[in-house]
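A structural walkthrough
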Amino acid sequence: EETRKGFVTELLDKLGDDPLTPEALDDLETLLIRADVGIDSTDKVISSLRTKLNEEVLGAEAGIKFLKKELKLIIDKPIKSSGTDLLVPQKGKLNVWLLVGVNGVGKTTTLGKLAYLSSKSNYKTLIAAADTFRAAAVEQLKVWGDRSNVEVISNQSKNADPAAVVFDAINSAKKRNVDLLLVDTAGRLQTKNNLMDELAKIKKIIDRKVPDAIVESLLVLDASQGQNGLKQAKSFAKSADLSGAIITKLDGTSRGGVSLAVSEEVNLPIRFIGAGEGIKDLRPFNSYEFVEAMLADK
Amino acid sequence: MFDELSSRFEDAVKGLRGEAKISENNINDALKEVKRALLDADVSLSVVKEFITDVKDKAIGEEVVRGVNPGQKFIEVVNKELIKIMGNENSPLNENENSPTVILMAGLQGAGKTTATGKLGLYLKEKDKKVLLVAADIYRPAAVEQLKTLGSQYELEVFSAKEKNSKPEEIAKEALNFANENDFNSIIIDTAGRLQIDDSMMSEMVRIKEVSNPDEVLLVVDSMIGQEAADLTKSFHEKVGITGAILTKLDGDSRGGAALSIRKISGKPIKFIGVGEKIEALQPFHPERMASRILGMGDVLTLVEKA
Ligand SMILES: Nc1nc2c(ncn2[C@@H]2O[C@H](COP(=O)(O)OP(=O)(O)OP(=O)(O)O)[C@@H](O)[C@H]2O)c(=O)[nH]1
Ligand SMILES: Nc1nc2c(ncn2[C@@H]2O[C@H](COP(=O)(O)OP(=O)(O)OP(=O)(O)O)[C@@H](O)[C@H]2O)c(=O)[nH]1
Ligand SMILES: [Mg+2]
Ligand SMILES: [Mg+2]
């Protein structure tokens, strides 16, 4: 019965040109909830629309337009305050990008895509395999290294210390004048204190060993995730000193609405989106596109 | 968040104090809070709406016995209904008495299928089954090595493609032959992650199912999933046909509302939960524990008692 297909179209048909009523606001609320925006953020956005309706009469189309504008504002805010619209490695310096997140969200795949993009754009690129825990994590990463033509620094021995791998990789990066060092980390749930501490240690080693490097600590969020995504962002922000986020798996029907709360409450600029399993399926983040897709018929 | 939820609940339930019966009038605030709680727990909206209607019908007219306050009664109705929907008790794995039991794993990318394949393998091995794990994911880099690594931890045999360009359905078929010739009695087939809207990958799943004639098709779902749970379950059930589900990554702090969506939409039980990355970390699913988790009921119940 209820599928997302045509929901917006249906809504517009149903509401026609009539002024928005309280019932229509319920429908718009549904639209946001189903995009995983979450009940609290949805309440906030809808209530600003309600305030707006007290000032002027709006039809459905104008109402949706207003919502989109509000959403875009929320998402753009951290990007604006970061001072960087488009995240690219700085030339002439060592850039270290650390990819972190819970299990299975797409860290390794995203790293492979970034390695490809970076080396294709003539940045000297290196990969550190700091997931020493998951079964065949290094083998998986090496396939991505081959595909993107980027070398992978790893330690195949069992229970190798991830911080030691990062240490080695930084040494290699310095020796070879690398522009961008990409660090893959093991998936970890934010409730596992020992694993979160391990991450803090990795971050600290990078900061200490190459204080003049430009470090980006990026949280990978799966678009199909619900409200737990916000807890993830809060917790990783503490341990890994996050500077941004990447949303993956947007090629499905998931909308990634939780990233709205992540932008608002954790102030994280979204930097890239992943939309497929192929090496080219990564795009710089564009808030207009994102909001349109979030509320589009799919 | 639990605290906030609980205090809202407390307010809503206070409204019920002193009433002798639960009625349409005195229940609405409390229902609203249940709706919020379920959405916060990522239960899919369509399922939430149905649930609220059901609970309302059940609760209205409930007499409140002396000594029990109406709020308490209401929470009890909600809790019971949640448990009922999720199947009341644990539902065991199907077994085939005449030929090897075949279990097929399915789900989105990264949900935890390969890990769950290892987990079920160990679980069955501990029940003295001769277990064969089948690596039928030909797409994900190092998927076969991953399963082999997991299997090697407990000497679980892994069957993988003998030729380079074998299709998953061919691998499954060969594995079944191999299992029959070598007296394996439990076969677990790991498959690649796929989106429910990817038609060619969904048809592949159907072909794997056709050749392997499984006793179980288990949908593996990440407990952190959001509203997508409903659509995911619906599509996999309609296109492939599932017999049950495994909910993974419950060792974290997700509320796991997907459990309700999966059961309500497919009618099929959740059989196991994943509670860690190691292949020992598998537990049978218990509806009553899940109900408490979804509603944050532990907190709520104590508050209700105070109210
Ligand atoms: N459809 C789709 N699948 C993706 C995307 N990104 C990653 N995946 C798939 O998601 C699954 C998990 O990806 P990984 O890159 O291994 O995820 P991870 O975060 O490194 O996982 P762990 O290291 O185990 O925590 C794989 O099957 C990927 O192919 C995407 O943008 N779209
Ligand atoms: N904490 C925790 N992690 C889990 C659990 N189950 C799986 N994982 C982790 O989740 C990630 C993905 O698991 P996989 O088994 O590779 O998932 P998959 O569904 O086979 O992924 P694809 O084959 O890429 O679609 C890995 O890092 C696993 O270790 C669980 O119950 N708890
Ligand atoms: Mg990885
Ligand atoms: Mg797998």
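Residues numbered from 1 in each chain as written. Chains lettered and ligands numbered in written order. Predicted model: local features only at pLDDT ≥ 70, side-chain atom pairs only at ≥ 80, totals over all residues. Heavy atoms only, no water.

Below, the discussion takes up the site of ligand 2. Of all residues adjacent to ligand 2, which total 23 residues, the nearest are G112, K113, T114, T115 and R140 of chain B. Proximal residues around ligand 2 fall on chains A and B, making this an inter-chain site. At 3.4 Å from an oxygen atom of ligand 2 is found a main-chain nitrogen or oxygen belonging to V275 of chain B. Burial of ligand 2 by the surrounding chains reaches 96%, relative to a free accessible area of 650 Å². Considering each element in turn, the shell around ligand 2 owes the most residues, four residues, to helix α5 (residues 113-125) of chain B. Classifying every residue of the shell around ligand 2 gives four nonpolar, eleven polar and eight charged. (Near = heavy atom within 4 Å. Polar contact = N/O pair within 3.5 Å; in protein donor to acceptor, adjacent residues only side chain to side chain. Areas by Shrake-Rupley, 256 points an atom, 1.4 Å probe, with all protein chains shown as cover. Helix = DSSP H or I, 4+ residues; strand = E, 2+ residues; numbered from the N terminus. Nonpolar A, V, L, I, M, F, W, Y, C, P; charged D, E, K, R; others polar.)

Residues in contact with ligand 1 amount to 22 residues; listed here are only the nearest, K107, T108, T109, R134 and E277 of chain A. Each of chains A and B places residues near ligand 1. The backbone of G104 of chain A places a nitrogen or oxygen atom 2.9 Å from an oxygen atom of ligand 1. Here a nitrogen atom of ligand 1 sits 2.8 Å away from a polar atom, N or O, in the side chain of D251 of chain A. For ligand 1, whose unbound accessible area comes to 650 Å², protein coverage reaches 96%. The greatest single-element share of the shell around ligand 1, amounting to four residues, is contributed by helix α5 (residues 107-120) of chain A. Looking at the shell around ligand 1, its residues break down into three nonpolar, eleven polar and eight charged.

Moving on, we get to the pattern of salt bridges. This model, assessed by the stated rule, comprises 27 salt bridges over all chains. With a closest N to O distance of 3.2 Å, K234 of chain A and E265 of chain A form a salt bridge. One end of the pair, K234 of chain A, is in helix α9 (residues 228-240); the other, E265 of chain A, is in helix α10 (residues 258-266), and 31 residues separate them in sequence. Accessibility expressed as a relative area gives 41% for E265 of chain A, which makes it partly exposed. Measuring nitrogen to oxygen at the nearest pair gives 3.0 Å for the salt bridge that ties E204 of chain B to R194 of chain B. Of this pair, E204 of chain B sits in helix α8 (residues 199-212) while R194 of chain B sits in the loop between β4 (186-191) and α8, placing them ten residues apart in sequence. Owing to a relative accessible area of 1%, R194 of chain B belongs among the buried residues under this scheme. Three or more residues joined by partner-sharing salt bridges are found here, namely D40 and D43 of chain A together with R36 of chain B. (Salt bridge = Lys/Arg side-chain N within 4 Å of Asp/Glu carboxyl O. Buried < 20%, exposed > 50% of the residue type's maximum accessible area, 1.4 Å probe, protein only.)

Residues and elements named next belong to chain B. In terms of residue burial, strand β7 (residues 270-274) counts as a mostly covered element, since five of its five residues are buried. In this sheet, β7 lies alongside strand β6 (residues 244-248) in parallel orientation, the contact comprising three bridges. The residue of β7 that forms the bridge with I246 is F272. Remark: the β6/helix α10 (residues 258-266)/β7 crossover connection has right-handed handedness. Relative to strand β8 (residues 282-284), β7 runs antiparallel, the two being bridged by three bridges. Residue pairing across strands places I273 opposite Q283, the latter belonging to β8. (Pairing = 2+ DSSP bridges. Right-handed = clockwise from strand over helix to strand, strands pointing away.)

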